[in-house]
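What the coordinates show
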Amino acid sequence: MKNILVIGSAGQIGSELTVELRKRYGNDHVVATDLDPAKLTGDLSAGPTAELNICDVQKLNDLVKEHKIDTIYNLAALLSAVAEKKPQLAWEVGLNGHFGVLEVARENGCAVFFPSSIGAFGPNTPHKNTPQDTIQRPCTMYGVTKVAGELASDYYFKRFGVDTRGVRYPGIISNVTLPGGGTTDYAVEIYYEAIKTGKFECPLAKGTFLDMMYMPDAIDAAIDIMEADPRPLKHRNCFNISAMSFDPEMIAAAIKKVIPAFEMTYNVEPVKQTIADSWPDNMDDSAARKEWGWNPKWNLENMTEDMLKVIAERHKRGEI
Ligand code: NAD
Ligand code: SER
């Protein structure tokens, strides 16, 4: 049985990944940690929890030893738009933080999951069908930390045999915890506003195509890659994965099919637009499909129906 520690459990992905990991491996085998312990409540309190700043390497080491951890999921980061406001902190958490995780993993024989991003690409990367191995010169601090994290993870595998694995997530769409300040957040917020007000002001321009994915596929990817047979893995850090690619017009049209009165207007935010314009329109994820069987289940249509249903129920219960 695995013993897992999740760093950044209270975030958009962590709040759902931690619960799913506990379903599969048992509540006592998954330690939920976050910088903000006040958020480790509700479903996240069903197993062990701890306050942890990823930069506190000694505390991370102590927790790993105390709970006999063999796998670390490092989800702590400042997302792209927030990182542009606080680049120094983004470097500290994303780059130095991940280095500490790798060192603790080396010392204690742990496997490490690293979630990279479409943000690891930049303006001179081919934007259409972005290859697995291609130019990575991002123009954001978020992207700098992701490229460095990918390289450091590969280095620790090759140099020290640490079992590092990761994916390049696209924008993740979900209905449990709101996103933490990324460029793709609009594709979550649009569903909440469609239910709450019937309209949405979009911060990205018409024609801005980005890769996206519904949370259940994102969770499966994180668990499946860590469970995968290592022998066929030619790439490790990190695999392109995607489930759909759309622009604001397409997501608005999908919502209109369910809520015909829904209306969208545009008020483009320059920082987010510049970031989005530097990222792929759609990634080639054939390496992930071939090497560990990546196969997403959700598309724009079935995700939209599910998102609107769940958010409407939450709205009715007064939760949002
Ligand atoms: P999030 O911002 O929602 O959550 C991050 C969590 O990390 C928060 O709970 C926060 O309190 C915690 N945290 C921040 N600083 C910390 C620190 N110093 N020590 C410990 N914890 C700290 O992010 P998310 O969307 O859940 O993303 C998780 C990971 O996946 C990140 O690495 C992110 O870059 C990556 N990713 C996310 C997306 C997406 O669309 N959500 C896409 C690509 C990659
Ligand atoms: N959703 C993330 C962001 O926009 C992509 O990594 O920052």
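Refer to the structure printed above.
These figures come from a predicted structure and were not determined experimentally.

Let's shift gears to the site of ligand 1. Taken together, 26 residues lie near ligand 1, and Gln12, Ile13, Asp34, Ile54 and Tyr142 sit nearest. Residue Gly11 places a main-chain N or O atom 3.1 Å away from an oxygen atom belonging to ligand 1. Here ligand 1, which alone exposes 830 Å², has 92% of that area covered by the protein. Among the elements of the structure, strand E5 (111-117), helix H5 (141-160) and strand E8 (171-173) are those that each provide at least two residues to the shell around ligand 1. Here the shell around ligand 1 gets three residues from one element, more than from any other, and that element is E5. Its residues placed into classes, the shell around ligand 1 shows 15 nonpolar, nine polar and two charged.

When two helices pack together, their arrangement is given by the angle between their axes and by how far apart the axes lie. Running from amino to carboxyl end, helix H6 (residues 186-196) crosses helix H8 (residues 248-258) at an angle of 30°, the nearest separation of the two axes being 11 Å. Relative to H8, the element H6 lies roughly parallel. When you trace H6 past H8, the crossing you get is right-handed. Residues Tyr186, Ala187, Ile190, Tyr191 and Ala194 of H6 lie in contact with H8, whose contacting residues are Pro248, Ile251, Ala252 and Ile255. Among the residues making up the contact of H6 with H8, the classes are represented as nine nonpolar, no polar and no charged.

A few words now on the pairing of E5. With seven of seven residues buried, E5 is to be regarded as a mostly interior element. A two-sided burial pattern is seen for E5, the buried positions comprising Ala111, Phe113, Pro115 and Ser117 on one face and Val112, Phe114 and Ser116 on the other. The pairing of strand E4 (residues 71-74) with E5 spans three bridges and is parallel. Each bridged residue has a counterpart across the sheet, and for Thr71 the counterpart in E5 is Ala111. Alignment of E5 against strand E7 (residues 164-169), held across six bridges, turns out to be parallel. Across the sheet, Ser116 pairs through a bridge with Arg168, a residue of E7.

Attention shifts here to the packing of aromatic side chains. Here the structure, examined in full by the defined rule, presents nine aromatic pairs. Aromatic pair Tyr155 and Phe160: ring centres 6.2 Å apart, planes at 80°, arrangement edge-to-face. Overall, the relative accessible area of 44% leaves Tyr155 in the partly exposed class. Judged by centre distance (5.0 Å) and plane angle (55°), the ring pair of Tyr156 and Phe160 falls under tilted. In this pair, Tyr156 and Phe160 are both assigned in helix H5, four residues apart and thus about one turn of the helix distant. Aromatic ring contacts, followed pair by pair, group Phe99, Tyr155, Tyr156 and Phe160 into a single cluster. Looking at Arg106, its charged tip hangs above the ring of Phe160, at a distance of 5.2 Å from the centre. The cationic tip of Arg236 hangs over the ring face of Phe157; the distance from NZ or CZ to the ring centre is 3.8 Å.

Parameters at a glance
Residues numbered from 1 in each chain as written. Chains lettered and ligands numbered in written order. Predicted model: local features only at pLDDT ≥ 70, side-chain atom pairs only at ≥ 80, totals over all residues. Heavy atoms only, no water. Near = heavy atom within 4 Å. Polar contact = N/O pair within 3.5 Å; in protein donor to acceptor, adjacent residues only side chain to side chain. Areas by Shrake-Rupley, 256 points an atom, 1.4 Å probe, with all protein chains shown as cover. Helix = DSSP H or I, 4+ residues; strand = E, 2+ residues; numbered from the N terminus. Nonpolar A, V, L, I, M, F, W, Y, C, P; charged D, E, K, R; others polar. Axes fitted to C-alpha atoms, helices over the stretch in contact; angles between N-to-C directions. Parallel < 35°, antiparallel > 145°, perpendicular 65-115°, else oblique. Left-handed = near helix turned anticlockwise from the far one by under 90°. Contact = heavy atoms within 4.5 Å. Buried < 20%, exposed > 50% of the residue type's maximum accessible area, 1.4 Å probe, protein only. Pairing = 2+ DSSP bridges. Phe/Tyr/Trp six-rings, centres within 6.5 Å; stacked < 30°, edge-to-face > 60°. Lys NZ or Arg CZ within 6 Å of the ring centre and 35° of its normal.

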